[in-house]
Every structure is written in C-alpha cells, then in structure tokens.
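Letter by letter, the chains look like this.
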Amino acid sequence: EEAWEYLTVAVPDEVPRLRSELASRREAWVATDDVVEVLSRGRRARVEVVRTAAGPAVRKTYVPEFERHLRREVDALRALGPRVAAVPRLLGTGPDWFEAPLFRDDLARHTRARRLLPLDVLRSMVDVLRLIHEHGYDLVDAKPDNFVLDPVEGLKVVDLEFLHHHDGEAPAFRDSITFHRPPEGFVGDLPVGELSYEHRWLPYTGMPVDVLVSGPVLAQRAWRLAYRLRRATVLPGAPPRRAVRRGRDLLRALRRRVAWGVTVLS
C-alpha cells in the first residue's frame, strides 16, 4: 500500500500502466494445471514437478528480470548436455521456462545437515566440474547443494544459471571461480551470499581445495579424519563448546535470580 501511495505521488500518470503490468505478471506466475509439486520459489525462478507425456519432469520458470539467467542455463544444457554425462538433458523450453528430467536425490540428507559427504561422491563432483572446466566453462555457483545423486542415473549437476564461459584462456582449475570468489573486475552475474570455498565446500569436504582437487585418497582421508576430530571438539557447534555455552548461560541465569532475590529482600 505504501508503494502505491509513493507511486501515486511521484508518477501518477504511470500508476494505471503499472497496475496493469502487475496484474499481467501475477496471472502469468500462477501455477498451471500440470503442476504436481512446487519444489522451490526463489527471487529468480520457481521450480516445479510437472506432468508430461513422457512422465514427470522438472520445470523452472523465471521472472522477466532474470531472463538472461534462463538463456544462460538453456545454452549450458544444450552445449554441455551431449558432452558431460552429469549435465541433465534439455526436454523442452518456452518463453520463460525450460524442462529437464526429474531425479531422486540421495545426497539431500547430507547437504541439508551440512555434513561430510562420502569421499567417492566428492571425487566424482570434482571430476564433473573439471570436465566442465576443460570445455571452457566455470560454474560460479558450484557447491555440493547443486548436485543430486540419483540411484539410477547417477550424479547430476543442476542450477547452471551462473555458468561462465571463458572467452580466452581459463585459469587453472584449482584456482578457478568454480571454487573461489571471482576476481575484481569480473563482469558476470553472481549469486547472492558468501562465495568462499570455506563456506560452500569445506563443511562437506573437510579438506583444503588443493587437497580436494589434486590430493591422493590417503591424504584426503587424513584431512577428513582431522576435520571430524576438530568439529567434534573445538569448532563452533562442537559438543564440548555447546556444553560450555549451556553452562555459561545457566550460570548467568542463576546470577540474575540471586541478584533479583537480594533486591527483593533488601
């Protein structure tokens, strides 16, 4: 209501057109009859499971302001789908949407809890991202959450709307924007949020990026063992630290009660 009030004061002649545009967008954003389930509603797109003649599929519908993300994702599926087995097939497209196969995800229980993923799965993720890099691309939004592990189809990478194509020579894979913040002057789109390896990957890997990318299995296992021990003892959220924090909170509460009792008695 306040927004309409401001518009009425600032640009009264534009209000009828804006109301019409809003009604049109709302009508276009209503779910269609073939929708089985809404998986997510983000600021860029809505993701749904839909019925098709070939069975259930995933449809991703973008809002108009993010049409370039739609084009980039569709182009990525077309360019990499035939060359990288982990990139889903493109089933269909429309003016503001595309459809891809529906996969089960056996990784969700790990990613939702932000806990270490199986090492063989992590190594497969790196292989997928390395292959994409060899084709001249970096997935700016790369993180374990953007992978699904289907028991039949295997590992798949999804959400390619931030895929960046290098016009010239790409940086070394270990140093690429697949795992690191983009350098200053980067002109591509960036996802919202923290882009560091420590935030997006470390809770699932338990090892530095160079060990993840090129370290031998024994070194990777050693790092993960050390990370488990640290997480169980000294990292934020570790049981001993939680116990100390609870004890400190109880002591503070006790002090407040004692102080209140002394005040009442006095």
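The structure this text deals with has already been given above.
Since this is a predicted model, take the numbers as computed values, not measurements.

Trainee: Teacher, can you tell me more about empty space enclosed by the protein here?
Mentor: Unfilled space is identified by rolling a water-sized probe across the atoms. Scanning all chains against the criterion turns up one cavity of 30 Å³ or more. Quantified by volume, the largest cavity comes out at close to 50 Å³. Lining the largest cavity we find Val140, Ala142, Ile177, Thr178, Phe179, His180, Leu195, Ser196, Tyr197, Arg200 and Trp201. Each residue belonging to the lining of the largest cavity can be placed in one class, and the counts come to seven nonpolar, three polar and one charged.

Trainee: Help me out: how do you make sense of the layout of surface pockets in this one?
Mentor: Of the pockets and cavities examined, the largest pocket occupies roughly 1,000 Å³. Along the wall of the largest pocket there are 34 residues; nearest its centre are Leu39, Ser40, Val47, Val158 and Asp159. Contributions of two or more residues to the lining of the largest pocket are made by strand S1 (35-41), strand S2 (45-52), strand S3 (55-62), helix H3 (67-80), strand S5 (97-101), helix H4 (108-113) and strand S7 (147-150). Taken together, the residues of the lining of the largest pocket sort by class into 18 nonpolar, four polar and 12 charged. Of the volumes computed, that of the second largest pocket is approximately 250 Å³. Considering the residues around the second largest pocket, the lining is formed by 14 residues, among which Arg25, Trp29, Tyr62, Val63 and Pro64 are closest to the centre. Secondary structure elements with two or more residues in the lining of the second largest pocket: helix H2 (15-29) and H3. Here the element with the most residues in the lining of the second largest pocket is H2; it accounts for six residues. Considering only residue class, the lining of the second largest pocket consists of seven nonpolar, one polar and six charged.

Trainee: I would appreciate a short explanation of H3 in the present structure.
Mentor: Since there are 3.6 residues in each turn of an α-helix, residues three or four apart along the chain are aligned in direction. An ideal rise of 1.5 Å per residue puts 20 Å on 14 residues; H3 measures up with 20 Å between its terminal C-alpha atoms. Those residues of H3 lying buried are His69, Leu70, Glu73, Val74, Ala76, Leu77 and Leu80. Considered in projection along H3, the buried side chains sweep an arc of 155° and stay on one side of the axis. Buried residues belonging to H3 abut S3, strand S4 (92-93), S5, helix H5 (119-134), strand S6 (137-139) and strand S9 (163-165).

Trainee: How should the sheet that holds S4 be read in this particular structure?
Mentor: Whether parallel or antiparallel, the strands of a sheet pair through hydrogen bonds between backbone atoms. In space, the five strands of this open sheet follow the order S1-S2-S3-S5-S4, with antiparallel pairing throughout. At either margin of the open sheet sits one strand with a lone partner, and together these are S1 and S4. Bridging between S2 and S3 involves eight bridges; their strand directions are antiparallel. Note on S3: the bridge partner recorded for Arg51 is Pro56. Across the face of the sheet, H3 comes into contact with S3, S4 and S5 while running at roughly 35° to S5.

Trainee: Teacher, can you tell me more about the pairing of S1 here?
Mentor: It is a general feature of regular strands that their side chains alternate between the two faces of the sheet. The sheet contact formed by S1 and S2 spans five bridges and is antiparallel. Paired with Val35 across the strands is Val50, a residue of S2. Counting the residues in the hairpin turn of S1 and S2 gives three residues.

Trainee: Help me out: how do you make sense of the nonpolar core in this one?
Mentor: A general feature of soluble globular proteins is that nonpolar side chains tend to end up buried together. One finds Met125, Phe147, Val157, Phe179 and Trp201 to be the most contacted residues of the largest nonpolar core, which totals 42 residues. Elements supplying a minimum of two residues to this core: H3, S5, H5, S6, strand S8 (154-157) and helix H8 (209-214). For this core, the element with the highest residue contribution is H5, accounting for eight residues. Once residues lying within four places of it in the same chain are set aside, the contact partners of Phe147 are Asp105, Leu107, Met125, Val128, Leu129, Leu155, Lys156, Val157 and Trp201.

Trainee: Is there a simple way to explain unusual backbone geometry in this structure?
Mentor: Most of the time, phi is negative for any residue but glycine, and the peptide bond is trans. With a phi close to 50°, Arg114 is a non-glycine residue in the positive phi region. Looking at the secondary structure, you find Arg114 in the loop between H4 and H5. On the basis of relative accessible area, Arg114 is assigned to the partly exposed category, the value being 35%. A positive phi angle is found at Asp159, which is not glycine, with a value near 60°. Summarising the element assignment, Asp159 is placed in the loop between S8 and S9.

Trainee: Help me understand the side chain of Asp150, please; the structure alone is not making it clear to me.
Mentor: The residue Asp150 is located in strand S7 in this model. Here Arg104 takes part through its backbone nitrogen, which lies 2.8 Å from a polar atom of the side chain of Asp150. Among the polar contacts made by the side chain of Asp150, one reaches the main-chain amide nitrogen of Val152 at a distance of 2.8 Å. With residues up to four places along the chain from it excluded, the contact list for Asp150 reads Phe103 and Arg104.

The rules behind the values
Residues numbered from 1 in each chain as written. Predicted model: local features only at pLDDT ≥ 70, side-chain atom pairs only at ≥ 80, totals over all residues. Heavy atoms only, no water. 1 Å grid on protein atoms, 1.4 Å probe; cavity = no way out; pocket = protein on both sides within 12 Å on 5 of 7 lines; lining within 4 Å. Points joined across faces, edges and corners; volume = space filled by probe spheres on them. Nonpolar A, V, L, I, M, F, W, Y, C, P; charged D, E, K, R; others polar. Helix = DSSP H or I, 4+ residues; strand = E, 2+ residues; numbered from the N terminus. Expected span 1.5 Å × (residues − 1). Buried < 20%, exposed > 50% of the residue type's maximum accessible area, 1.4 Å probe, protein only. Arc of directions from axis to C-beta. Contact = heavy atoms within 4.5 Å. Pairing = 2+ DSSP bridges. Axes fitted to C-alpha atoms, helices over the stretch in contact; angles between N-to-C directions. Core = buried A, V, L, I, M, F, W, Y, C linked by side-chain atoms within 4.5 Å. Polar contact = N/O pair within 3.5 Å; in protein donor to acceptor, adjacent residues only side chain to side chain.

Purely spatial values, then, with no claim about function.
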